[in-house]
Structure formats: C-alpha cells, structure tokens
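Coordinates in review
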Amino acid sequence: MSTVLKVLLIILIVLVVALVVLYFVGRRMQKKQAVQQEQMEAAKQTVSMLIIDKKMLPLKQSGLPQMVIDQTPRLMRRSKLPIVKAKVGPRVMTLVADAKVFEDIPVKREIKAVVSGIYITEVKSVRGGAPAKEKSNKKPKLRERLASFVSRKQKELDAEEKEMKAQKAKKAKK
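Residues numbered from 1 in each chain as written. Predicted model: local features only at pLDDT ≥ 70, side-chain atom pairs only at ≥ 80, totals over all residues. Heavy atoms only, no water.

1. Thoughts on the nonpolar core
Our working definition: Think of a nonpolar core as a cluster: buried Ala, Val, Leu, Ile, Met, Phe, Trp, Tyr and Cys residues, connected wherever their side-chain atoms sit within 4.5 Å. Buried means the residue's accessible area, taken with a 1.4 Å probe over protein chains only, is under 20% of the maximum for its type, while exposed means over 50%, and partly exposed covers the values in between. Helix and strand assignments come from DSSP, with helices taken as H or I runs of at least 4 residues and strands as E runs of at least 2, each series counted from the N terminus. Only heavy atoms matter for contacts: two residues are in contact if any of them lie within 4.5 Å across the pair.
Of all hydrophobic cores here, the largest spans 16 residues; its most connected members are Met49, Ile51, Val84, Ile105, Ile111 and Ile120. Those elements that place two or more of their residues in this core are strand S1 (44–58), strand S2 (80–88), strand S3 (91–97), helix H3 (99–102), strand S4 (110–116) and strand S5 (119–126). Not counting residues up to four positions away in its chain, the partners in contact with isoleucine 120 are Met49, Val84, Leu95, Val96, Ala97, Asp98, Val101, Ile105, Ala113, Val114 and Val115. Membership of the second largest hydrophobic core comes to seven residues, among which are Leu64, Ile69, Leu81 and Ile83.

So this is what it looks like as structure tokens:
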C-alpha cells in the first residue's frame, strides 16, 4: 500500500473513533439534561415580582451567591448570562433568566413569572399589559454585520459579472 493510502486510512479510523466517542458523550449529556429538566419542573413556582434591572453580565459580576459561581463549570464562567434583579416580596434578588424569556421581561414593571430556584423559565403575565416592543439602538451583532457585508459584496460581484458579460457580448458582435 502506498503511504498516502495509509495516511488516509489512519485519518478515517481516527474520525470514526471520534464520532463514536461524541455519540456516546452526547447521549450521556442528553440524559443529564433530561434529569435536570425534570428537577426544574418539580421545583417551579409562579411568583409575582417587580423587575428592577436586567443585564447581560459575566458570572463573576452578576451578584449571584458564591456557591452558584463555584458550581458553574470553568468554561461557563467567562460567558455572559442574562441576569435580572427583581424584588420578590420584601427581598431584592438576583435571578438568571432563560435566554428566550430575557427579551420579554420589561424593566420597572411587575410581572408574574415561573421561577425554578434562581432561574426564570417563563413570563406568565405583565401587569398593565405587555409593553410594546421598543426599537433598540444597539449596534448590530457581528453575525448580522458579516451577513450584510457578504450580501453587499455578492451584489457587487453580480453587477460586475453582468457588466463583463455585456462587454463580451459587444466584442463578439464586432
């Protein structure tokens, strides 16, 4: 056998082994997630709260208890979380919101939310009706900027291509 074939065979074997390992790790993670979801469902409560503030903050700056920060995996400690400061009864609490729910939470309004521990999973209702979605003056995210850049460049390329075809057609007629 040639050396190229041997190298390709080794690469193929390594890829197959990696896929098998990822499959089993994925199944184990899926089972863990199902157990955690069941625990969250068992501990959920509907609570009325006044939202004071909401921000995307790194875990260390979030104001969450040190025990929560210590239990968080090392890779997750650098990522930003949707943090909500809310007055629940007489206490001001720092809660973590689900990413899907975070945008729907109005600031300085009273809401009824489903909470599981320190995790807001769902917004049931907003007192005084749901606020109108306000336009944000935020800078577009990197993905959005890249997508618009690519579409602009693609249009420019298409226009240049049309122009070159038109020039070739003129030369062919002469």
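2. Thoughts on the pairing of S2
Just so we agree on the cut-off: Criterion used throughout: strands pair if DSSP finds at least two bridges between them.
Where S1 lies against S2, eight bridges are found, and the strand directions are antiparallel. Looking across to S2, one finds that methionine 56 is bridged to proline 82. Inspection of the sheet shows S2 paired to S3 by six bridges, in the antiparallel sense. When the bridges of S3 are listed, lysine 87 appears paired with valine 92. Here S2 hands over to S3 after two residues, with glycine 89 in that stretch at a positive phi of 65 degrees.

3. Focus: a nonpolar patch on the surface
Applicable threshold: Patches in this entry comprise residues that are over 30% relatively accessible and not in a salt bridge; like charges within 9 Å are linked, as are nonpolar side chains (Val, Leu, Ile, Met, Phe, Trp, Tyr) within 5 Å. Residue-level accessible areas treat just the shown protein chains as cover; the underlying method is Shrake-Rupley with a 1.4 Å probe. The term salt bridge refers to a pairing of a side-chain nitrogen on Lys or Arg with a carboxyl oxygen on Asp or Glu at a separation within 4 Å.
On the surface, a nonpolar cluster with roughly 1,000 Å² of combined accessible area is contributed by Leu9, Leu12, Ile13, Val16, Val17, Val20, Val21, Tyr23, Phe24, Val25 and Met29. In this structure, methionine 29 sits in helix H1 (residues 3–43).

4. A look at the packing of aromatic side chains
Basically, it comes down to this: Two rings from Phe, Tyr or Trp (for Trp, the six-membered ring) form a pair when their centres are within 6.5 Å of each other. A pair whose planes differ by under 30 degrees is stacked, one over 60 is edge-to-face, and the rest are tilted.
Tallied over the full model, the rule gives one aromatic pair. Centroid distance tyrosine 23 to phenylalanine 24: 5.3 Å. Interplanar angle 75 degrees. Geometry classified as edge-to-face.

5. A word on the pattern of salt bridges
Summed over all chains, the structure comprises four salt bridges. Lysine 44 is paired through a salt bridge with glutamate 41; the nearest N and O atoms lie 3.1 Å apart.

6. Regarding the sheet that holds S1
The condition is simple: Between the N-to-C directions of two axes lies an angle of 0 to 180 degrees, each axis being a line fitted to C-alpha atoms and, for a helix, fitted only over the stretch in contact.
Sheet architecture is closed into a barrel: five strands sit in the order S1-S2-S3-S5-S4, paired in mixed fashion. The mean angle between the axes of side-by-side strands here comes to 55 degrees, regardless of whether they run parallel or antiparallel.

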